[in-house]
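# Remarks on the overall topology
If you want the building blocks of each chain, they are given just below.
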Amino acid sequence: MTRQPLRLAIIDAERILAAAGVASPRVDAELIAAHVLGVERGRLPLVPLADPQVIEAIGRLVRQRATRVPLQHLLGRAAMGGITVEVGAGVFVPRPETELLLEWGAGALKDVADPLVVDLCTGSGVLALALAHERPDATVHAVERDPAALAWARRNADARAAAGDTPVVLHQGDVTDSALLADLEGRVDLLVCNPPYVPVGTAVPPEVAEHDPFDAVFAAGDGLAVVRHVVAAAARLLVPGGAFAMEHDDTQGESVPALLAARRTLTDIEDHADLAGRPRFVTARRA
C-alpha cells in the first residue's frame, strides 16, 4: 500500500475544519495528526509520509471534530501547567486562558512553606492537580458538587498520585453550603476557583453548548449566582494574608471586583485580562 504525504492530509483537514466553523482549524488538524501518529505536534515535519490507515484515522477524527465535538474529547485529554488530565463527556473542558490564573496562584505561594490550598468547583481537578504538581509540599483540597465531574477528578487524581505527585484531597460538596470545609476556616493560604459564570442565555459555541455540562458553564443572576458564594467562602476560609483568585466572564470586569470590594475582609483587589485583552479573573488578599 502506497504511503501518502502527511502534509496533504493536514491541509485537507484544515479545509474541512475551517468550513465547519472551527476556530483554530490548522492547530486542530495538526494536533489530531500528532495524536494519531503518537508524536509531539512540533515533530510532524519529520513525518513526511504516512500509511493509508493513519490517513484514514486522521480523517475519522477530523470528521468528528467538524461536527464540533471538542478537540479535547477526541484526544481524551487537556493540558494545564505541567500536567495533562483526562476529559470527556460529563466534565468541563479546561481552557488555555485559565493558565494565567494558575500562574498567579502559584506565584502567590512562592514565599509560603507547606501551603494549604483549596480549589472550588474543581471539575476535572485540573487546577488542584496542577498546583499539587507545582508544589509537592502543598496540601490541596478540591471540591466538586457534580458526581459525574467528581468521577473524572478522582480518575485524574489517582493518575497524578501514581505519577508521583502529592495526592489531593477530594470532597463532594456545594459552594452554596456555608459550612463547606468548616475545619479549614481561617487556615487556607490560597483559594482558587473557576466557577460557572456565563449568564444564562448567552450564545456560546457548539463545543460548549452541546458538550460542556450546563451547570459548569452557566449561572443565573447575570452569571453571578455561584460567584457570590465563592467570594463568601474565600472570606471565610482564607488565613490573614491568604490569596484568592477566581475566573469570571468577560462582561464581569467591574461587577465581580465590586462583589469583592463589598467585603471588608478582602483587600488588594485586582482584575486581570486574558491573552486577548478581555477581563478574565480577579485576585485579592485576606486582610
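So, a few notes on the structure that sits alongside this text. (Residues numbered from 1 in each chain as written. Predicted model: local features only at pLDDT ≥ 70, side-chain atom pairs only at ≥ 80, totals over all residues. Heavy atoms only, no water.)

## Brief notes about the nonpolar core
Inclusion rule: Only buried residues count toward a nonpolar core, which is a set of Ala, Val, Leu, Ile, Met, Phe, Trp, Tyr and Cys residues joined through side-chain atoms within 4.5 Å. Buried, partly exposed and exposed residues are distinguished by accessible area as a fraction of the type maximum, computed with a 1.4 Å probe on protein chains only: under 20%, between the cut-offs, and over 50%, respectively. Note on conventions: DSSP H or I runs of at least 4 residues are helices, E runs of at least 2 residues are strands, and numbering of each starts at the N terminus. It only takes one pair of heavy atoms within 4.5 Å for two residues to be counted as in contact.
Among the nonpolar cores identified, the biggest contains 35 residues, and Leu 120, Leu 191, Val 230, Phe 244, Met 246 and Leu 260 are the most heavily contacted of them. Secondary structure elements with two or more residues in this core: strand S5 (116–120), strand S8 (188–193), strand S10 (218–219), helix H10 (225–237), strand S11 (238–247), helix H11 (255–261) and strand S13 (279–286). Ranked by residue count, the leading element in this core is H10, at seven residues. Non-local contacts of Leu 120, meaning those with residues more than four positions away in its chain, are made with Val 143, Val 175, Leu 180, Leu 181, Leu 191, Val 192, Cys 193, Asn 194, Val 230 and Ala 233. Ranked by size, the runner-up nonpolar core spans 33 residues in total, among them Ala 106, Ala 108, Val 117 and Ala 128.

## Section: the packing of aromatic side chains
Note the threshold: Two rings from Phe, Tyr or Trp (for Trp, the six-membered ring) form a pair when their centres sit within 6.5 Å of each other. Planes less than 30 degrees apart are called stacked, planes more than 60 degrees apart edge-to-face, and all others tilted. In this analysis the charged atom, NZ for Lys or CZ for Arg, is taken to sit over a ring once it is within 6 Å of the ring centre and within 35 degrees of the ring normal.
The full count for this structure, using the stated rule, is one aromatic pair. Over the face of the ring belonging to Trp 152 we find Arg 155, whose NZ or CZ atom lies 4.3 Å from the ring centre.

## Examining helix H2 (residues 25–37)
For clarity, the threshold we go by: Helix span, expected: 1.5 Å multiplied by one less than the number of residues in the helix.
In this model H2 runs 18 Å from its N-terminal to its C-terminal C-alpha over 13 residues, within 8% of the 18 Å that 1.5 Å per residue would give. Residues of H2 that are buried include every one of Pro 25, Asp 28, Ala 29, Glu 30, Ile 32, Ala 33 and Ala 34, and no others. Along its buried surface, H2 packs onto helix H1 (6–19), helix H3 (52–66) and helix H4 (71–75). Looking one or two residues beyond H2, the residue adopting positive phi is Gly 38, at roughly 75 degrees.

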